[in-house]
Amino acid sequence: MRLATWNVNSVRARVDRIVGFAERADIDVLAMQEIKCKPEQFPYAAFEAAGYHVEAHGLNQWNGVAIASREPLEEIEYFFSGMPGFKKGYEGDDAPLEARAIGATVNGVRVWSLYVPNGRSLDDPHYAYKLRWLEALRQHTAGALAAQPDLSLALVGDFNIIPTDADNGDPDIVEGTSTHVSPAEREAFQSLLSAGLTDTVRPLIPSGYTYWDYQRLKFPKDQGIRIDFVLGSKAFADAVSGASIERSERKGEQPSDHVPVVVDLDVADPDDDDVPMIFG
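Described below are features of the structure shown in this document. Being a predicted model, the structure only gives us computed values, none of them experimental. (Residues numbered from 1 in each chain as written. Predicted model: local features only at pLDDT ≥ 70, side-chain atom pairs only at ≥ 80, totals over all residues. Heavy atoms only, no water.)

Overview of the layout of surface pockets
- Its boundaries defined by the atoms lining it, the largest pocket holds a volume of some 780 Å³.
- Lining the largest pocket are 38 residues, with Y115, N118, R120, N160 and H180 positioned closest to its centre.
- Residues of the lining of the largest pocket, tallied by class, amount to 12 nonpolar, 14 polar and 12 charged.
- Roughly 290 Å³ of internal volume is contained in the second largest pocket.
- Contributing to the lining of the second largest pocket are 20 residues, with G85, Y90, E91, G92 and R132 lying nearest its centre.
- Of the residues belonging to the lining of the second largest pocket, the class tally is 10 nonpolar, four polar and six charged. (1 Å grid on protein atoms, 1.4 Å probe; cavity = no way out; pocket = protein on both sides within 12 Å on 5 of 7 lines; lining within 4 Å. Points joined across faces, edges and corners; volume = space filled by probe spheres on them. Nonpolar A, V, L, I, M, F, W, Y, C, P; charged D, E, K, R; others polar.)

Given below as structure tokens:
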């Protein structure tokens, strides 16, 4: 199985690029973030013509997540347990939920496509929401793995966190003044890993960024940051046989400001009775 995650920054604006990449790169499962549309607006036809099933979750022209898969998508969920909501100026615990998570099982692998809140600024209510959101995700993950220690689980997507200084090549992002690099955000990321997950890409790809701002020639200068991840449980990480960061997808006409991150998995064929399945 070849799994990719990509913040596409509007699926309707870039559908030809996205489907073209999925076909050229032989992607089996593509998790997308920031699709920026409601499900009824999603360009299903282009994906279906290329042989993909799609589940999309979007509430308006902001945020939104989706998963496209060559194999059927099962056990669809649109929010993880305990996921908090957000509404500016609203202090209650029942704030409306945003379209930031979709989960599905494909060939025994449980995949969550996630678009973690940005945080906006260190003194913005969105920053506190981001930390609550990450803690809820940690609790959900820990609970899932406690219930099923052998679960092949992948949390993939745009985490809007730069875990280490080695992942930051943008001189304008500075600890103390910027989100994404604050101690609290980095601690939240490490806590998520401590729940039973591994960064499956960095051991195989020791350098490289996944996002470059459109402004100030950040891409030609390679002033990027690494904020897109494939985090996997032990069962998932043990099956990873290769990885890539598709930097070339930042080039050309109308690119997203993010690029795809890809991992290859040695996953048993569920139709083959001679090999054990990975159960999700």
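Let us keep going from here.
What about the pairing of strand β6 (residues 101-106)?
- Counting buried residues in β6 gives six out of six residues, a clear majority hidden from the surface.
- Both faces of β6 are covered, namely the face carrying A101, G103 and T105 and the face carrying I102, A104 and V106.
- Hairpin connection between β6 and strand β7 (residues 109-115): a loop of two residues separates the two successive antiparallel strands, and N107 in this loop has a positive phi of roughly 50°. (Buried < 20%, exposed > 50% of the residue type's maximum accessible area, 1.4 Å probe, protein only. Helix = DSSP H or I, 4+ residues; strand = E, 2+ residues; numbered from the N terminus. Pairing = 2+ DSSP bridges.)

A look at the sheet that holds β6
- Spatially, the six strands line up as an open sheet ordered β5-β6-β7-β8-β10-β9, and their pairing is mixed. Looking along the sheet, the strands with just one partner apiece sit at the ends: β5 (74-77) and β9 (198-199).
- Direction of pairing for strand β8 (residues 153-158) relative to strand β10 (residues 228-232): antiparallel, over a ladder of five bridges. Note that in β10 the partner of V156 across the bridge is V230.
- Strands β8, β9 and β10 of the sheet are contacted by helix α4 (residues 183-194), whose axis makes an angle of about 30° with β10. (Contact = heavy atoms within 4.5 Å. Axes fitted to C-alpha atoms, helices over the stretch in contact; angles between N-to-C directions.)

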